[in-house]
Amino acid sequence: MKSAVETLNPTRVRLTVEVPFEELKDSLDAAYKKINQQVTVKGFRKGKIPARVIDQRFGRGAVLEEAVNDALPKFYTEAVNEAELSPLGQPEVDITELKDGETLNFTAEVDVRPAVEIPDYSGIEVEVDAVEVTDEDVEKSVEQLRERFASTSPVERAAEDGDVVTIDLEAKVEGEVLEDGIANGVSYTIGSGELLDGIDDAVKGKSAGEEATFTSELKGGSAAGKEAEVTVKVTQVAARELPELDDEFAQLASEFDTLEELKADSRKRLANMKQFDQATQAQERVLEKLLELVEVPVPEKLLEDEINTRKHNLEHHQLGQMGLTLDKYLEIQGKTAEEFDTETREAAVKGIKTQFVLDELVKKEQLNVNQEELTEHLMRRAASSGMSPDQFAQAVVEGGQVPLLVGEVARGKALAVVVEAATVKDTNGEVVDLDDEEEETEAAEASETSEENAEG
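Cut-off values and rules
Residues numbered from 1 in each chain as written. Predicted model: local features only at pLDDT ≥ 70, side-chain atom pairs only at ≥ 80, totals over all residues. Heavy atoms only, no water. Helix = DSSP H or I, 4+ residues; strand = E, 2+ residues; numbered from the N terminus. Rg over C-alpha atoms; globule rule 2.2 N^0.38 Å. Areas by Shrake-Rupley, 256 points an atom, 1.4 Å probe, with all protein chains shown as cover. Lys, Arg positive; Asp, Glu negative; His and termini not counted. Charge placed at Lys NZ, Arg CZ, Asp CG, Glu CD. Phe/Tyr/Trp six-rings, centres within 6.5 Å; stacked < 30°, edge-to-face > 60°. Buried < 20%, exposed > 50% of the residue type's maximum accessible area, 1.4 Å probe, protein only. Pairing = 2+ DSSP bridges. Core = buried A, V, L, I, M, F, W, Y, C linked by side-chain atoms within 4.5 Å. Contact = heavy atoms within 4.5 Å. Axes fitted to C-alpha atoms, helices over the stretch in contact; angles between N-to-C directions. UniProt positions renumbered as here; feature names shortened; annotations may be inferred.

On a plain count of helices and strands, the protein chain comes out with 14 helices and 11 strands. Over its C-alpha trace the protein chain gives a radius of gyration of 32 Å, far above what one expects of a compact globule, namely 23 Å for 456 residues. Its C-alpha atoms give the protein chain principal-axis dimensions of about 100 × 65 × 40 Å. Of the roughly 26,200 Å² that the protein chain leaves accessible, carbon and sulfur atoms contribute 45%. Side-chain charges of the protein chain comprise 49 positive and 103 negative groups, with the mean position of each set lying 9 Å from the other.

Below you can see the structure in the form of structure tokens.
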């Protein structure tokens, strides 16, 4: 077999392959055997029909077609490996010549990973938010904890902001009560915004036994997105009572004996959270700077597939779970379809470029992934998916996704290398020294987010 490569553009090549006919022998034998098992000829046992009889009865062309279909993937793969290409997607194959007993010639056009040259990235500088925890931050955190330990008690008065009301709901669309439009005994905190738009105004000022009617757009159910006439009846009003902020509360809500110890712990936890956010911010900004330094051509077919995948996942998975259409989502976001398309395209381009650049870095820095790193990454992915580690691992293995996970970890390590070489300062001008272990974890998550679905 002989092959040659023609570069059509930085992301697409054409392979020209010439195969001597004798190299088709195995595929021809397999074709005769397959046809033998599929047909019957009077006078011959099934599977024992001579090749010449098959040629006479069914035509040599049918045998050649079967043999070529069997052989093409093997010869294509050999040509790809010989040329050391990294194909993306399926090739477009064209048989240019097939002479029985002489030769098989074909071409294959396919998108390939572009050559990416990684420049010196040691001069990258980024600025991130400083880690500062104010007294107000601490007070807010403690207040949120206090809210969790609030108690309620029924009151004989009209409902006010912050009260917990028990209500019965009935929704009508075009005068008809919806099958799933009745709900009784619903507990709702006035001002929480957790139910329907307009419900706060409807129930405020109402006492137990009183009702009100208002119009609202339904957020879910069989009539999601439609305007409905909603009747709400208040069956109970309960006041929320917050515990006193004292040492007794600290003992109730935590393992600490005093309120001051609780506040000190809250300050420490908030600082850790802000350090986590700071590390994530550093990853994202270093990655953006790195991408600015590298010229990365993007295969158009890969880009279109990625855009379509992102749109499909948003429309049929994320929005579908929320009972929203794409049009309604855009309305809520205040975006036009054109703006959405532009943003989706930009995100897809960034995801693809990120994967190409980090993969090249993995090769350049000769980074490997060990079992411990893979296991830690699998645990994180399992937690984010809502599955147990065992369930997630089984799904990954059965779906042949282990190489993808290895790639994610390797790209995370590559980004960590770049961050380590970069200068990261906070808004106070102080150099930020990111912890190596945390940095690597953050990098894996940051690169995974940026390149998510990059290959569609």
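Enumeration according to the criterion identifies one aromatic pair in this entry. Between Phe149 and Phe249 the ring centres are 6.2 Å apart and the planes differ by 90 degrees, which places this aromatic pair in the edge-to-face class. Note that Phe149 is positioned in the loop between helix 4 (135–148) and strand 6 (151–154) and Phe249 in helix 6 (residues 247–253), a separation of 100 residues in sequence. Phe249 sits in the buried class, given a relative accessible area of 2%.

To continue, consider the pairing of strand 10 (residues 227–241). Bridge analysis of strand 6 against strand 10 gives four bridges, and the strand direction is antiparallel. Pairing of Ser151 across the sheet is with Glu241, part of strand 10. Sheet analysis places strand 7 (residues 164–173) next to strand 10, joined by nine bridges and oriented antiparallel. The residue bridging Ile167 from the neighbouring strand is Val234, located in strand 10. Bridge count between strand 9 (residues 211–217) and strand 10: seven bridges; the pairing is antiparallel. For Ser216, the partnering residue across the bridge sits in strand 10 and is Ala228.

Here we take up the nonpolar core. Counting 36 residues, the largest nonpolar core has Ile124, Leu290, Val357 and Leu361 as its most contacted members. Looking at this core, the elements with two or more residues in it are strand 5 (125–128), helix 7 (259–293), helix 8 (300–322), helix 10 (337–365) and helix 13 (402–421). Here this core takes seven residues from helix 10, the largest share from any one element. Non-local contacts of Val357, meaning those with residues more than four positions away in its chain, are made with Val116, Ile118, Leu290, Leu291, Val294 and Val296. One finds Val13, Val17, Phe75 and Ala108 within the second-largest nonpolar core, a separate group that totals 30 residues.

Another point: the sheet that holds strand 4 (residues 103–112). Judged by pairing direction, the sheet is antiparallel, and its four strands sit side by side in the order 1-2-4-3 without closing on themselves. Across the chains shown, the open sheet's two edge strands, defined by having one partner strand only, are strand 1 (2–9) and strand 3 (87–99). Each strand axis lies, on average, 20 degrees off the axis of its neighbour in the sheet, ignoring direction. Where strand 3 and strand 4 come together, nine bridges link them in antiparallel fashion. Among the inter-strand pairings, Ile95 is bridged to a residue of strand 4, identified as Phe106.

Under the local residue numbering, the UniProt record ascribes the feature "domain: PPIase FKBP-type" (unreviewed entry) to residues 162–215. With 9% helix and 54% strand, the stretch residues 162–215 has end C-alpha atoms that lie 22 Å from each other.

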